[in-house]
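# Fold and contact review
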Amino acid sequence: MNNENIKEIYNAWANPVSDWSGWVKPVLFAHLSEQYENIDKLQLKNSLPDVSWVPENERNMAVVIDLPGADSLRLAIKLAYKGYQPVPLYNCAPDSRGLIEMRGVMSILLAGSEILEQLPPPVGAPPVFILDSHRLQGRASPGRYDNRWVVLPQDFPSSNMLLGHNIKNVLVVQDSLYQPAEDLRHVLKRWQNAGIEIMVTAIDQPENMTKMEITTPSNFQSLVYRALVLIGLRRNSAGGFGALVPEPSSSGGFS
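Numbering of residues starts from 1 in each chain and follows the order in which that chain's sequence is written. Per-residue local features are limited, in this predicted model, to residues with pLDDT of at least 70; the limit for side-chain atom pairs, both in listing and counting, is 80 or more; totals at the level of whole chains, interfaces and linings are taken over all residues. Values shown for side chains rest on all heavy atoms present in the structure; no hydrogens or waters enter the calculation.

The subject of this paragraph is the sheet that holds strand E7 (residues 210-211). Between any two strands, at least two bridges found by DSSP are needed for them to pair. Strands here mean DSSP runs of E at least two residues long; helices mean DSSP runs of H or I at least four residues long; both are numbered from the N terminus. Judged by pairing direction, the sheet is mixed, and its six strands sit side by side in the order E2-E3-E1-E5-E6-E7 without closing on themselves. Two strands lie at the open edges of the sheet, namely strand E2 (85-88) and E7, each paired on one side alone. Relative to strand E3 (residues 127-132), strand E1 (residues 61-67) runs parallel, the two being bridged by five bridges. The partner of Asp-66 across the bridge, within E3, is Leu-131.

Here we come to the confidence of the model for the protein. Any residue range with low pLDDT should be treated as having predicted coordinates unsuitable for detailed reading. Each residue gets a pLDDT score, which is the predictor's confidence in that residue and runs from 0 to 100. For the protein, per-residue confidence averages 91 on the pLDDT scale, and residues scoring 70 or more make up 94% of the total. Contacts are assigned to residue pairs that have any heavy atoms within 4.5 Å of one another. Across residues 250-255, where pLDDT falls below 50, the model places zero contacts with residues more than four positions away in sequence or in other chains.

This brings us to unusual backbone geometry. Despite not being glycine, Asn-166 shows a phi value in the positive range, around 65°. Looking at the secondary structure, you find Asn-166 in the loop between helix H6 (159-164) and strand E5 (169-174). The backbone phi angle of Gln-221 is positive, close to 60°, even though this residue is not glycine. Examined against the element boundaries, Gln-221 turns out to sit in the loop between E7 and helix H8 (225-229). When its relative accessible area of 51% is taken as the criterion, Gln-221 is described as exposed. Note on exposure labels: buried denotes an accessible area under 20% of the residue type's maximum, exposed denotes more than 50%, and partly exposed covers the range between, all computed with a 1.4 Å probe on protein chains only.

To continue, consider the pairing of E5. Taken across its six residues, E5 has six buried, putting it largely inside the fold. Residue alternation in E5 divides its side chains into two sets, Asn-169, Leu-171 and Val-173 and Val-170, Val-172 and Gln-174, and both sets are buried. Where E1 and E5 come together, five bridges link them in parallel fashion. Considered in E5, the bridge of Val-63 is made with Leu-171. Pairing of E5 with strand E6 (residues 197-202), which is carried by six bridges, proceeds in the parallel orientation. For Val-172, the partnering residue across the bridge sits in E6 and is Val-200. Here the term right-handed applies to a crossover when the path leading from its first strand over the helix to its second strand runs clockwise, the strands being oriented away from the viewer. What joins E5 to E6 is helix H7 (residues 182-193), and the crossover it makes is right-handed.

Within the secondary structure layout, Ser-21 lies in the loop between helix H1 (3-13) and helix H2 (27-30). On the basis of relative accessibility, which here comes to 16%, the residue Ser-21 falls in the buried class. With 64 residues separating them in the primary sequence, Ser-21 and Gln-85 have C-alpha atoms 8.6 Å apart. Excluding residues that lie within four positions of it along the chain, Ser-21 makes contacts with Tyr-10, Ala-14, Asn-15 and Pro-16.

Counted residue by residue, helix H4 (residues 71-80) has seven buried out of ten residues, so it is predominantly covered. The complete set of buried residues in H4 reads Ser-72, Leu-73, Leu-75, Ala-76, Ile-77, Leu-79 and Ala-80. On its buried face, H4 is in contact with H1, E1, E2, helix H5 (103-117), E3 and E5.

Turning our eyes to something else, we now look at the nonpolar core. By nonpolar core we mean a set of buried residues, namely Ala, Val, Leu, Ile, Met, Phe, Trp, Tyr and Cys, connected to one another through side-chain atoms within 4.5 Å. Within the largest apolar cluster, 73 residues are counted, with the highest numbers of intra-cluster contacts made by Trp-13, Phe-156, Val-170 and Trp-191. When sequence neighbours within four positions are dropped, the list of residues in contact with Trp-191 reads Val-64, Phe-129, Phe-156, Pro-157, Ser-158, Ser-159, Leu-162, Val-170, Ile-196 and Ile-198.

With that out of the way, let us pick up the side chain of Asp-66. By secondary structure assignment, the location of Asp-66 is in strand E1. Taking relative accessible area as the criterion, Asp-66 reaches 5% and is therefore assigned buried. Reaching out from Asp-66, the side chain makes a polar contact with the side chain of Arg-135 at a distance of 2.7 Å. In contact with Asp-66, other than residues within four places in its own chain, are Ser-72, Leu-131, Asp-132, Ser-133, Arg-135, Val-173, Gln-174, Asp-175, Ala-181 and Leu-184. Counting of polar contacts relies on pairs of N or O atoms within 3.5 Å, with two restrictions inside protein: one atom must be capable of donating a hydrogen and the other of accepting it, and residues adjacent in sequence are counted only when both atoms are side-chain atoms.

Dropping the structure here:
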């Protein structure tokens, strides 16, 4: 796989005609070439989930999908058939020793690009932001590749941008009807305070959408929040998150 192939795959997701293409995270695309032999080649079209519960032609609603691994991508691709623009926000580097397994996600990024190339977003397509609810799972240990990651408010468009595109509602799709993950609440609470309605639905009963008051997360809008949330996570020199946890070194001494 050469750079031109990777560019084509990236552009299928970050379609230049979309107002939301600038939010697509490039980290996994940048690793497609080195990981290509480990990526399963999938036929996706007939294995995508049902999305009949999503309102038709809902131009005023953005979607945030926070499901495990590649489940979010599968749902987002099916929403593209309903006129949404998928925006993958996966922000960690892949590695065979990684705490977060990314091979399945990369397989669907690859297979999904073929669908999206034939399905350009309509003018004014609302965004569907794609997350991995397992992004912070696992515990770093020596010899493992720590690619746990978080989302920050700057990873999403501002409330002003959403409202400027007439987005007045946001639907969060997750595993339960509980409050969303804390890092995501830092985003949703900002949007809600600006007058955007937040609804939450559980993927096992998606038609039961519930309007939710997002609880204020710790250190909300604090100047030190970004520094605090990144403590214990490892940034990748090429962008995003991911680095090898070093083995402890032995030290000698004089008796």
